[in-house]
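# Coordinate analysis (summary)
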Amino acid sequence: MFDLDQFTADCNAAVRSDRSHKLVREVVARAVSDAKAVVAGLGEPRRAEVQRLYSSAELTILNVIWAPLMTIMPHNHLMWAVIGVYTGREDNIFWRRVQEEAGARVEAAGAKSLGERDAEPLGRDIIHSVTNPLSRLTGAIHVYGGDFFSVSRSEWDPETLLERNYDMEKNLRPVRGSEPGYATS
Ligand SMILES: [Fe+2]
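Only a predicted model underlies this, so the values are computations on that prediction, with no experimental measurement involved.

Cut-offs applied
- Residues numbered from 1 in each chain as written.
- Predicted model: local features only at pLDDT ≥ 70, side-chain atom pairs only at ≥ 80, totals over all residues.
- Heavy atoms only, no water.
- Helix = DSSP H or I, 4+ residues; strand = E, 2+ residues; numbered from the N terminus.
- Buried < 20%, exposed > 50% of the residue type's maximum accessible area, 1.4 Å probe, protein only.
- Contact = heavy atoms within 4.5 Å.
- Areas by Shrake-Rupley, 256 points an atom, 1.4 Å probe, with all protein chains shown as cover.
- Expected span 1.5 Å × (residues − 1).
- Arc of directions from axis to C-beta.
- Polar contact = N/O pair within 3.5 Å; in protein donor to acceptor, adjacent residues only side chain to side chain.
- Core = buried A, V, L, I, M, F, W, Y, C linked by side-chain atoms within 4.5 Å.
- Axes fitted to C-alpha atoms, helices over the stretch in contact; angles between N-to-C directions.
- Parallel < 35°, antiparallel > 145°, perpendicular 65-115°, else oblique.
- Left-handed = near helix turned anticlockwise from the far one by under 90°.
- Nonpolar A, V, L, I, M, F, W, Y, C, P; charged D, E, K, R; others polar.
- Pairing = 2+ DSSP bridges.

## Quick word on the overall build of the chain
Check the secondary structure of the chain and you find four helices and eleven strands. Looking at the chain as a whole, 48% of its 185 residues qualify as buried. Taking all contacts inside the chain whose residues are at least 6 apart in sequence as the whole, residues at least 24 apart take part in 72%. Just so you have it, the chain exposes about 8700 Å², and 47% of that area is on carbon and sulfur atoms.

## Some points on helix 1 (residues 4-17)
When the terminal C-alpha atoms of helix 1 are compared, their 20 Å separation across 14 residues agrees well with the 20 Å that a helix rising 1.5 Å per residue should span. Of the positions making up helix 1, those classed as buried are Phe-7, Thr-8, Cys-11, Asn-12, Ala-14 and Val-15. What you see down the axis of helix 1 is that its buried residues fit within an arc of 160°, all on one side. Along helix 1, the residues that are exposed and aim more than 90 degrees away from the buried face are Asp-5, Arg-16 and Ser-17. If you follow the buried residues of helix 1, they end up packed against helix 2 (22-33), strand 1 (49-55), strand 2 (60-66) and strand 9 (138-144). With a side-chain oxygen positioned 3.1 Å from the backbone nitrogen of Asp-5, the residue opening helix 1 is Asp-3.

## Topic: the environment of Pro-68
Mapped onto the secondary structure, Pro-68 falls in the loop between strand 2 and strand 3 (71-76). C-alpha of Pro-68 to C-alpha of Ser-135: the two residues are 67 residues apart in sequence and 4.6 Å apart in space.

## As for the nonpolar core
The nonpolar side chains of soluble globular proteins are, as a tendency, buried together. Phe-2, Phe-7, Cys-11, Val-24, Tyr-86, Ile-141 and Val-143 are the most contacted members of the largest nonpolar core, which totals 25 residues. Elements that contribute at least two residues to this core include exactly helix 1, helix 2, helix 3 (35-42), strand 2, strand 4 (81-87) and strand 9. When residues no more than four places from it in sequence are discounted, the contact partners of Val-143 are Phe-7, Cys-11, Val-24, Val-28, Leu-59, Thr-60, Ile-61, Trp-80, Ala-81 and Val-82. By size, the runner-up hydrophobic cluster in this structure holds 20 residues, among which are Ala-48, Val-64, Trp-66 and Met-79.

## A word on the side chain of Ser-154
Summarising the element assignment, Ser-154 is placed in strand 10 (residues 154-156). Polar contacts involving the side chain of Ser-154 include one to the side chain of Glu-163, which spans 2.5 Å. In this structure Ser-154 touches His-75, Asn-76, Glu-163, Arg-164 and Tyr-166, once residues within four positions along its chain are discounted.

## Points about the packing of helix 1 against helix 2
Taken N-terminus to C-terminus, the directions of helix 1 and helix 2 make an angle of 155°; their axes are 8 Å apart at the nearest point. When the interaxial angle is binned, helix 1 and helix 2 end up roughly antiparallel. When the axes of helix 1 and helix 2 are compared, the crossing they make is right-handed. Across from Phe-7, Asp-10, Cys-11, Ala-14, Val-15 and Ser-17 in helix 1, the residues of helix 2 making contact are Leu-23, Val-24, Val-27, Val-28, Arg-30 and Ala-31. For the contact of helix 1 with helix 2, the class distribution of residues is nine nonpolar, one polar and two charged.

## Description of the sheet that holds strand 2
Strand order in the open sheet formed by five strands is 1-2-9-4-7, and the pairing between neighbours is antiparallel. Each end of this open sheet is capped by a strand with a single partner; those strands are strand 1 and strand 7 (119-122). Neighbour to neighbour, the strand axes of the sheet diverge by 20° on average, direction disregarded. Sheet contacts for helix 2: strand 4, strand 7 and strand 9; angle to strand 4, the most-contacted strand, approximately 5°. Here helix 3 sits on the sheet and contacts strand 1, strand 2, strand 4 and strand 9; the angle it forms with strand 4, its principal contact strand, is near 90°.

In structure tokens, the structure reads:
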């Protein structure tokens, strides 16, 4: 059985002994290795939403439910993250800044598809966009190495790929379906 209090305590202990993502990744990997237990502990995903499970100056833990076929625009976090998928799939495109241009544009640099039981770290400066390629909800535990809600970060317009301020209010608004404007983590 996945126990949120225990998971939170384990993540806090991990980050206390190593400030990097390394030990937290092990905690997340252990949790999602029993994906059914996570569903039992957090509840069956019912709609697209972001549940804040825990946040402190050192750690933020979110339960992120992606709508079917939903895509969020490129964005950064400015802190490391560990993504643990417990149902469905997250397709990531990784982006890099185009150095020779003044307009802070990004270009695609790589991709990684995360499925059930995958637990992947994202570096502090990573820029990614995420698609749920499935016709059903995807659920993932996202752990961030800091206070996710207090950092001023960037997103990139999905059409022009130009940088702008990340709009937390808009991006955390829960919506149904793959409507534009829903983004998170
Ligand atoms: Fe993200």
